[in-house]
Every structure is written in C-alpha cells, then in structure tokens.
Amino acid sequence: MFIKKAILAVLMTAALAGCETQTEGQQRATTGALVGGAGGAPVGQAIGGNTNSTVIGAASGALLGAVVGSATTPQRRGEQLCRYQDRSGRIYTAPCDDRYYNGNY
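This one's a predicted model, so the numbers in the text were calculated from it and none came from an experiment.

Reading the values: the criteria
Sequence order as written defines the numbering, with residues in each chain counted from 1. Since the coordinates come from a predicted model, pLDDT governs what is reported: local features require at least 70, and pairs of side-chain atoms require 80 or more to be given and counted, while whole-chain, interface and lining totals use all residues. With hydrogens and water set aside, each side-chain value is computed from the structure's full complement of heavy atoms. Numbering of helices and strands runs from the N terminus, with a helix taken as a DSSP run of H or I at least four residues long and a strand as a DSSP run of E at least two residues long. With a 1.4 Å probe rolled over the protein chains alone, any residue whose accessible area is under 20% of its type maximum counts as buried; one over 50% counts as exposed, and the rest are partly exposed. Should any heavy atoms of two residues lie within 4.5 Å, those residues are counted as being in contact. For every accessible area listed, the method is Shrake-Rupley and the probe measures 1.4 Å; residues are considered covered only by the protein chains on display. The disulfide definition used here is simple: a pair of cysteine sulfur atoms within 2.5 Å.

Helix and strand counts for the protein chain stand at 4 helices and 2 strands. Listed N to C, the secondary structure of the protein chain is α-α-α-β-β-α in terms of helices and strands. For the protein chain, buried positions account for 16% of its 105 residues. For the protein chain, the proportion of contacts with a sequence separation of at least 24, taken over those separated by at least 6, is 36%. In the form shown here, the protein chain has an accessible surface area of approximately 8,200 Å², with 62% of it arising from carbon and sulfur atoms.

Right under this line is the structure:
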C-alpha cells in the first residue's frame, strides 16, 4: 500500500511540475479541459445512463473546455510588432500602439 501511495505522489508531483513551464494559453486550455471533463461526465451519465455515455461526456466536455480555455486567452499588449513609416519614408517595426488594439489603424 505504501508503494502505491509513493508512486501516486511522484506522478502528481511530476504532473504539477510540468504546469510551471506552460504559457498562459496552455494553462487556460488545461484548466478548461479539466473543468469540462468534470462537468461532461455527469451530463453523459445522466443522458445515457451507462459507462460509455459517461466516457463520451467526459471526453466531449474536456475537448470543449480546452478549446474555450485556449480561445479566451487575452492577447498581451506589446507582443505584436507593427510596421510604421516615418516622415522621411523610412519603414521600421516597433511594438504596436493602441490604434492597433482598438482597430483604428
């Protein structure tokens, strides 16, 4: 019994350590998948009433949650580069200003 608990603890530690290096979008997709899977399983069970329905509900919920979590990740300002032209006609790139993010470009 002690061996099983030790293996479980090592696996959970490794899984949590992997989350540290994820981007914000990846973290949101992972969280969405977990929440969607947890919500989809009872719905699948309620609809079908058997194990196959529960698994399909959990998988569908996880997929939908990952997509929504990834799609709703806010875009950070300053990561996009825009092309500008100065008065002498020289074209250069620089971080985008508010006109880009507001759609007034």
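Structure shown, so let's carry the discussion forward.
Counted by the stated rule, this structure contains 1 disulfide. Each disulfide pairs two cysteine sulfurs, and for C82 the partner residue is C96, the sulfurs being separated by 1.9 Å. Negative torsions about the S-S bond denote left-handed disulfides, and the value of about 100 degrees found for C82 with C96 makes this one right-handed. In this pair, C82 sits in strand β1 (residues 81-85) while C96 sits in the loop between β2 (91-95) and α4 (98-102), placing the two residues 14 residues apart along the sequence. With respect to class, C82 is no different from C96; both count as buried.

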